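# Report on the structure
Listed below are the residues making up each chain.
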Amino acid sequence: MTRTVLALTAALLASAASASTLIDHANGIQVDASGHVQHFTGLLIDDDGKVVRLLHPGEPLPKATTAIDARGQTVMPGFIDAHGHVLGLGFEALQLNLTGTSSIDDLKQRLRDYAAAHPEVRWIIGTGWNQELWPVKNFPTSADLDSVVSDRPVVLERVDGHAIVANSAAMKAAGVTAATQAPPGGRIENGLFVDAARGLIENSIPAPTAGEMDAALDKAQQILLGFGVTGVGAMSVSSDEWATFRRAGDAGKLQVRLMAYGLNGPLPEVPKPTGWLYGDHLRMAGAKFFADGALGSRGAWLKKPYADDPNTTGLPRHSDAELRAMEDRAAAAGFQVATHAIGDAANAQVIGTYEWLNGKYGTNRRWRIEHAQIVDCADLPRIGRGHMIASMQPTHQTSDRLMAEKRLDPARLKCAYAWQSMLRTGAKLAFGTDFPVESPNPFPGLSAAISRQDVNGQPPGGWYPEERVTLGQALHAYTRGGAYAGFAEDRIGSLDPGKWADFVIVDRDPAKVNPQELARTQVLETWVGGKKLWSREPSAAPTERGK
Ligand SMILES: [Zn+2]
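For the structure given in this document, a descriptive report is provided here. (Residues numbered from 1 in each chain as written. Predicted model: local features only at pLDDT ≥ 70, side-chain atom pairs only at ≥ 80, totals over all residues. Heavy atoms only, no water.)

### Considerations on the sheet that holds strand S1 (residues 21-24)
- One open sheet accounts for four strands, arranged S5-S4-S1-S6; its pairing is mixed. In this open sheet, the two edge strands, each paired with only one partner strand, are strand S5 (51-55) and strand S6 (66-69). Strand-to-strand, the axes of this sheet are offset by a mean angle of 15°, without reference to chain direction.
- The pairing of strand S4 (residues 42-45) with S5 spans four bridges and is classified as antiparallel. (Pairing = 2+ DSSP bridges. Helix = DSSP H or I, 4+ residues; strand = E, 2+ residues; numbered from the N terminus. Axes fitted to C-alpha atoms, helices over the stretch in contact; angles between N-to-C directions.)

As structure tokens, this is what we get:
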């Protein structure tokens, strides 16, 4: 009797263990640990969703419960975006998109459609209008908005972020009347609130509800999967965001793997890093700090004055001692430390801080420099020597190029967005997009990484082309590098046996197309943990506003 039960159990176990999936006839591509491109023809996945092995030409096909014919299509590991803002992406996509409006009537029509489609939205928030593109170049007014929506607040931001227009309901909710004076540095005009006056309205916009945050996370995950992004270094995570991630995990709704970094340090309710949660879908990994601002607004902290404004060097966020003390506290609690640094002075400060942390905690803590955009060439080797991670965004280079040339002189551009120099010093490179600042689509980033050109091939020959990386190096930074940057290389970042079967099927072979064609690669299917979570509807594109 006992023996029969045991035999039955063994048989059941055997059948469960053999519930496997075989992907065959694939044009499989991934990079090895040293960035060399490897090819494979198929993939055997176990019942847990992990890779059993990769197949190579001429090998006999293993038995599997389910066999899927990839019909020669290209299969690659899922992308890991080392630096993105998950809820920011979702919220942006859920708001009213006014990019490219052609007239005030077009703006009104889009507002009317959005209001009708979203009766549940308490405050209608939109962005992207630019009256300079309209036949009549007048700013929109509160009366324009009132004529379309009068029963709830509407706030629409100009494309440059410097002005918003509000309807009467929004002004009423904010307590703004005809008698309200604009603060210094601001201006109010027929419902238009410019610069410092924006706060009069914006401070009254209610914080999102838990339900709205859940919706934003769902939306963000759909967008990310549509672009083949299966893992994210989730930056600047607030307490509300962390709670949203946990709710999604508890409900079994986490699809993209998130490595979270608390905003301005460890969150009070998460005093120590967590292990992996929800089947390796969520982990509180680190603490994110800021050393400076951005180059465009001259907030980046430079060693010498801006080329186009000799009166300023930008601003540090913290003194050396202050940054060191904050990061020391986070490191002592076991967190990985990630610091935003754009300007060469900020990068030098962060490098110095990390060298100090290395002395105290050892060199295996993978301190991360986020962006590492403008680095003094003399400081560059210290990044590799200190075993630091350069978390960089190739599409920032193509977006910033003309602006960076105004802000900086050629001497300082030499080690700007310096991916190849970074690698040569031995730094670990992780790529991402800083979405929603840039689109989370990894392919324009891969294209920029290998060409130093934008999606239209500009500038010819590439911008400081010596900083190009090879396709293998770019793929590495976008897969294995992103995993390493989040202490996750034991489970994601490649399709090696024992790791999660997180992969994408795409419409072209990245190794066989030119950079401009590479940038236009489309994802056909996205799989996470051996399950197909996203597939392209015929003629559908991943929905993402304005990018
Ligand atoms: Zn960011």
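### So, helix H2 (residues 86-94)
- Within H2, burial applies to Val86, Leu87, Leu89, Gly90 and Ala93. Seen along its axis, H2 keeps its buried residues to an arc of 155°; they face one direction.
- Residues of H2 that are buried sit in contact with strand S8 (79-84), helix H7 (210-226), strand S15 (229-237), helix H8 (239-250) and strand S16 (257-263). (Buried < 20%, exposed > 50% of the residue type's maximum accessible area, 1.4 Å probe, protein only. Arc of directions from axis to C-beta. Contact = heavy atoms within 4.5 Å.)

### As for the state of the cysteines
- For the structure on display, the rule yields one disulfide.
- One disulfide in the model links Cys377 with Cys415; its S-S distance is 2.0 Å. Here Cys377 and Cys415 share a disulfide; its torsion about the S-S bond, 110°, makes the bridge right-handed. Here Cys415 lies in the loop between helix H13 (410-413) and helix H14 (419-424) and Cys377 lies in the loop between strand S19 (368-371) and helix H11 (380-385), a separation of 38 residues in the sequence.
- Exposure remark for Cys377: the relative accessible area of 33% places this residue in the partly exposed category. (Disulfide = S-S within 2.5 Å.)

### Side note on the coordination of the zinc ion
- Coordination of the zinc ion by the protein is provided by His83 (NE2), His85 (NE2) and Asp434 (OD), with metal-donor distances spanning 2.1 to 2.2 Å.
- The sequence motif formed by the donor residues of the zinc ion is H-x1-H-x348-D. In this pair, His83 is assigned in strand S8 and Asp434 in the loop between strand S21 (428-431) and helix H15 (442-451), connecting sequence segments 351 residues apart. Across this residue pair, the class does not change: His83 and Asp434 are buried. (Donors = N, O, S within 2.8 Å, 3.2 Å for Na, K, Ca; no water.)

### What about H15?
- For H15, the buried fraction is high: nine of the ten residues fall into the buried class.
- Taken as a whole, H15 has its buried residues at Pro442, Phe443, Pro444, Gly445, Leu446, Ser447, Ala448, Ala449 and Ser451.
- Between the side-chain oxygen at the start of H15 and the backbone nitrogen of Phe443 there is a gap of 3.0 Å, and the oxygen is on Asn441.
- Backbone geometry just downstream of H15 places Arg452 in the positive-phi region, at approximately 55°. (Polar contact = N/O pair within 3.5 Å; in protein donor to acceptor, adjacent residues only side chain to side chain.)

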